[in-house]
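The primary structure of each chain is shown beneath.
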Amino acid sequence: MVWRSSTTYFSKNAAFSILEVLVTAAIIGIITAVIVLNYSSFNNAVLLKSQAYEIALDIREAQQFAVSVRGAGGEFREDYGLYFSTSEPGQYRLFRDQGTIEKRDDTGRLISLAYYDDGEEIGPPYFIDSRFAISSICVNDCAHVVDDLSISFRRPDFDAHFASVSADGYGIADIIDAEIVLTNVVGTNITKSITINAVGKVSVTETTQ
């Protein structure tokens, strides 16, 4: 009987060369890097959107609080609001106004506006996620940039009232809407803007810089 070897011989051309292995590894590395970078950008965009809506919700809650809370003397005429400042880009404050600013409008009518002062805050500041910050504040369709802004509300209506110390160049009584721009502190071309108008409508929009 003749035994035949079961050994199988492969051609040397059937194996991967070192160059092919290196090229494959490089391609896999590039694809992985692209996926990771895109995921990171997507994740930051989602978190930025979430943070913007959180600020918008806090504005809405301050509005609801102002029109429903009873004052210390039983009256419903106290101003409550939120204060934003570019000098504190990582936080904002809820406050109850204890002294208003009086300003005459273009018709000569005297207007009382609430503005945040030290000691008027309610509780600790609201902190923004450390990955994001308030990059700018503008008013009147962003025709004017301001350094700070108080957005306040007073019973019985839901109207928003604005005041800004840095807006004295054209009058704090002339602000009809405001926009708070939120961006990534590490740099991104996507920002979120929280906009509120005089009738108290709050919205979040995305802008590409």
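The structure this text deals with has already been given above.
Residues numbered from 1 in each chain as written. Predicted model: local features only at pLDDT ≥ 70, side-chain atom pairs only at ≥ 80, totals over all residues. Heavy atoms only, no water.

Participant: Could you give an account of the state of the cysteines, naming the residues involved and the relevant values?
Facilitator: This structure, assessed with the given rule, holds one disulfide. One disulfide in the model links Cys 138 with Cys 142; its S-S distance is 1.8 Å. (Disulfide = S-S within 2.5 Å.)

Participant: Provide a residue-level description of the nonpolar core, including the pertinent values.
Facilitator: Counting 32 residues, the largest nonpolar core has Ile 59, Phe 84, Ile 151, Leu 182, Ile 194 and Ile 196 as its most contacted members. Elements that contribute at least two residues to this core include exactly α1 (18-68), β1 (80-85), β2 (91-96), β6 (132-139), β8 (148-153), β10 (177-184), β11 (190-197) and β12 (202-208). The leading source of residues in this core is α1, at seven residues. Beyond its immediate chain neighbours, meaning those up to four positions away, Ile 59 contacts Leu 82, Phe 84, Ile 151, Phe 153, Ile 194, Ile 196 and Val 202. (Core = buried A, V, L, I, M, F, W, Y, C linked by side-chain atoms within 4.5 Å. Buried < 20%, exposed > 50% of the residue type's maximum accessible area, 1.4 Å probe, protein only. Helix = DSSP H or I, 4+ residues; strand = E, 2+ residues; numbered from the N terminus. Contact = heavy atoms within 4.5 Å.)

Participant: Can you lay out the environment of Tyr 80 for me, pointing to particular residues and giving the numbers?
Facilitator: As for its position among the elements, Tyr 80 is in strand β1. Separated by 41 residues in sequence, Tyr 80 and Glu 121 place their C-alpha atoms 9.7 Å apart. Setting aside anything within four residues of it in sequence, one finds Tyr 80 in contact with Phe 65, Ala 66, Val 69, Phe 95, Arg 96, Ile 122, Ile 151, Ser 152 and Phe 153.

Participant: Go over the pairing of β8, please, and point to the residues and values.
Facilitator: With six of its six residues buried, β8 lies for the most part within the structure. Neither face of β8 is exposed, since Asp 148, Ser 150 and Ser 152 on one face and Leu 149, Ile 151 and Phe 153 on the opposite face are all buried. Note that β1 and β8 share six bridges and pair antiparallel. In the sheet register, Ser 85 faces β8, and the bridge partner there is Asp 148. As paired strands, β8 and strand β9 (residues 161-163) are joined by three bridges and run antiparallel to one another. Across the sheet, Ile 151 pairs through a bridge with Phe 162, a residue of β9. (Pairing = 2+ DSSP bridges.)

Participant: How would you summarise the packing of aromatic side chains if you had to cite specific residues and measurements?
Facilitator: Applying the stated rule across the entire model yields five aromatic pairs. Summarising the aromatic geometry, the rings of Phe 95 and Tyr 116 are spaced 5.8 Å apart at their centres and angled 65 degrees between planes, so their arrangement reads as edge-to-face. Of the two residues, Phe 95 is situated in strand β2 and Tyr 116 in the loop between β4 (110-114) and β5 (126-127); the sequence distance between them amounts to 21 residues. Residue classification places Phe 95 among the buried residues on the basis of a relative accessible area of 0%. Taken together, the ring pairs in this structure connect Tyr 83, Phe 95 and Tyr 116 into an aromatic cluster. (Phe/Tyr/Trp six-rings, centres within 6.5 Å; stacked < 30°, edge-to-face > 60°.)

Nothing here speaks to function; it is all geometry.
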